[in-house]
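Tertiary structure, described
If you want the building blocks of each chain, they are given just below.
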Amino acid sequence: MGRDFTAYLGHSLKENEIFEFINVLNTGELKATNEFIQQFLPYNPEDKDFKWKVNTFRLGGTISLDGPCGLKFTFSEHVCMVRHYTRWLTFLLNDLEFDIRTTLRNMIRELAGYFGSSFSIYARIVAQESLELWILCGKMKMRISIV
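Bear in mind the structure is a predicted one, so any value in this text is a computation, not a measurement.

**What to know about the overall build of the protein**
Along the backbone of the protein there are five helices and six strands. Each helix and strand of the protein, placed in order from N terminus to C terminus, yields the pattern β-α-α-β-β-β-β-α-α-β-α. For the protein, the residues scored as buried account for 44% of the 147 residues in total. Here the analysis covers contacts within the protein between residues at least 6 apart in sequence; of these, 66% occur between residues at least 24 apart. For the protein, the exposed surface amounts to about 8,200 Å²; the carbon and sulfur share of it is 54%.

**A closer look at the pattern of salt bridges**
Pairing is possible between side chains that carry opposite charge, provided their charged atoms lie close to one another. Evaluation of the coordinates by the stated rule reveals one salt bridge. Between Asp-66 and Lys-72 there is a salt bridge whose closest N-O contact spans 3.5 Å.

**Overview of a nonpolar patch on the surface**
Side chains of Leu-89, Leu-92 and Leu-93 sit close together on the surface and give an oily, nonpolar patch of about 320 Å² of accessible area. Position of Leu-93 relative to the elements: it lies in helix α3 (residues 88-93).

**Thoughts on the packing of helix α2 (residues 31-40) against helix α4 (residues 100-115)**
It is at 7 Å that the axes of α2 and α4 come closest, and there the two elements cross at 145°. Crossing hand, α2 versus α4: left-handed. Along the contact surface, α2 presents Lys-31, Ala-32, Thr-33, Glu-35, Phe-36, Gln-39 and Phe-40, while α4 presents Ile-100, Thr-103, Leu-104, Asn-106, Met-107, Glu-110 and Leu-111. When grouped by side-chain class, the residues that make up the contact of α2 with α4 number seven nonpolar, four polar and three charged.

**Quick notes on α4**
For α4, spanning 16 residues, the distance from its first C-alpha to its last is 22 Å, which sits close to the expected 22 Å at 1.5 Å a residue. By the burial criterion, the buried members of α4 are Ile-100, Thr-103, Leu-104, Met-107, Ile-108, Glu-110, Leu-111, Ala-112 and Phe-115. Following α4 by one or two positions, Gly-116 has its phi on the positive side, about 65°.

**Points about the sheet that holds strand β3 (residues 63-66)**
Strand order across the open sheet formed by six strands is β2-β3-β4-β5-β1-β6, with antiparallel pairing between neighbours. Lying at the two open borders of the sheet, with one neighbouring strand each, are β2 (53-55) and β6 (120-122). Taking each pair of neighbouring strands and ignoring which way they run, the sheet shows an average axis angle of 25°. Helix α1 (residues 15-27) rests against β2, β3 and β4 (72-75) of the sheet, and its axis sits at about 5° to β3. Seen against the sheet, α4 touches β1 (4-10), β4, β5 (79-87) and β6 and runs at an angle of roughly 25° to β1.

**Comments concerning the packing of aromatic side chains**
How two aromatic rings sit relative to each other is set out by the distance from centre to centre and by the angle between their planes. In total, this model carries 11 aromatic pairs according to the counting rule given. Ring geometry for Phe-36 versus Phe-40: centroids 5.0 Å apart, planes at 45°, classification tilted. With Phe-36 and Phe-40 both in helix α2 and four residues apart, this pair spans about one turn of that helix. Of the aromatic side chains, those joined through ring pairs into one cluster are Phe-21, Trp-52, Phe-73, Phe-75, Tyr-114 and Phe-115.

**A look at the confidence of the model for the protein**
Per-chain confidence: the protein averages 82 in pLDDT, with 80% of residues scoring 70 or above. When mean pLDDT is taken per element in the protein, α2 scores highest with 95 and helix α5 (residues 125-136) scores lowest with 52.

**Focus on α2**
Taken residue by residue, α2 has Ala-32, Thr-33, Phe-36, Ile-37 and Phe-40 as its buried positions. Each buried residue of α2 sits inside an arc of 140° when the element is viewed along its axis, so together they form one side. Elements that come into contact with the buried residues of α2 comprise α1, β5 and α4.

**Quick notes on the side chain of Asn-44**
Counting through the fold element by element, Asn-44 comes out in the loop between α2 and β2. We classify Asn-44 as buried; its relative accessible area is 9%.

The rules behind each value
- Along each chain, numbering runs from 1 in the same order as the chain's sequence is written.
- Owing to the predicted nature of the model, reporting of local features is limited to residues with pLDDT of at least 70; listing and counting of side-chain atom pairs is limited to 80 or more, with chain, interface and lining totals taken over all residues.
- No hydrogens and no water enter the side-chain calculation; it runs on all heavy atoms of the structure.
- Note on conventions: DSSP H or I runs of at least 4 residues are helices, E runs of at least 2 residues are strands, and numbering of each starts at the N terminus.
- Accessibility here uses a 1.4 Å probe with only protein chains present; expressed as a share of the type maximum, an area under 20% marks a residue as buried, one over 50% as exposed, and anything in between as partly exposed.
- Any two residues whose heavy atoms approach within 4.5 Å at even a single point are treated as in contact.
- Calculation of accessible area relied on Shrake-Rupley with a 1.4 Å probe; when residues are assessed, cover is drawn exclusively from the protein chains displayed.
- Definition used for salt bridges: Asp or Glu carboxyl oxygen within 4 Å of a side-chain nitrogen of Lys or Arg.
- Residues enter patches when they are more than 30% accessible in relative terms and free of salt bridges; like-charged ones are connected within 9 Å and nonpolar ones (Val, Leu, Ile, Met, Phe, Trp, Tyr) within 5 Å.
- Comment: axis = line fitted to C-alpha atoms, over the contacting stretch for helices; angle = value between 0 and 180 degrees taken between N-to-C directions.
- Crossing handedness follows the turn of the near helix against the far one: under a right angle anticlockwise gives a left-handed crossing, and clockwise gives a right-handed one.
- Each residue gets one label: Ala, Val, Leu, Ile, Met, Phe, Trp, Tyr, Cys and Pro are nonpolar, Asp, Glu, Lys and Arg are charged, and the others, such as Gly, are polar.
- What a helix is expected to span follows from its residue count: subtract one and scale by 1.5 Å.
- Paired strands are those between which DSSP finds at least two bridges.
- Under the pairing criterion, centres of Phe, Tyr and Trp rings, with the six-membered ring standing for Trp, must be within 6.5 Å; the plane angle then separates stacked pairs below 30 degrees from edge-to-face pairs above 60, leaving the rest tilted.
- Per-residue confidence from the predictor is reported as pLDDT, which spans 0 to 100.
- What the arc measures is the spread of directions leading from the helix axis to the C-beta atoms.

Right under this line is the structure:
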């Protein structure tokens, strides 16, 4: 049993800006994010023409964006959870045919810059459940250090 890759980033996007962000993602303007997706397209050929979309199921005021190749973003008031089906062990060992660790780090760094984030956290397995509850169910804090 393992965990999917998960990262948490701060953001200050308003709801309309999150919907505008979908257009940015669909045009491929974010080079590192696009590169990450391109690395996985050979394994997900059915996603070749897949466009980012809003997942209509909202939980606790969150907005979820589903992207190609299993990439998902869930936005709460001040935090964005980034998930991908890449397993934590694969990320740690970096044992794919391509450098998954650098590709993921570059994408997270790019997203943090786009969001103007003051933090990005790669969640450890023991912390993941509490952070998910914090994002999806708890009252949002302005800084991670308050939690």
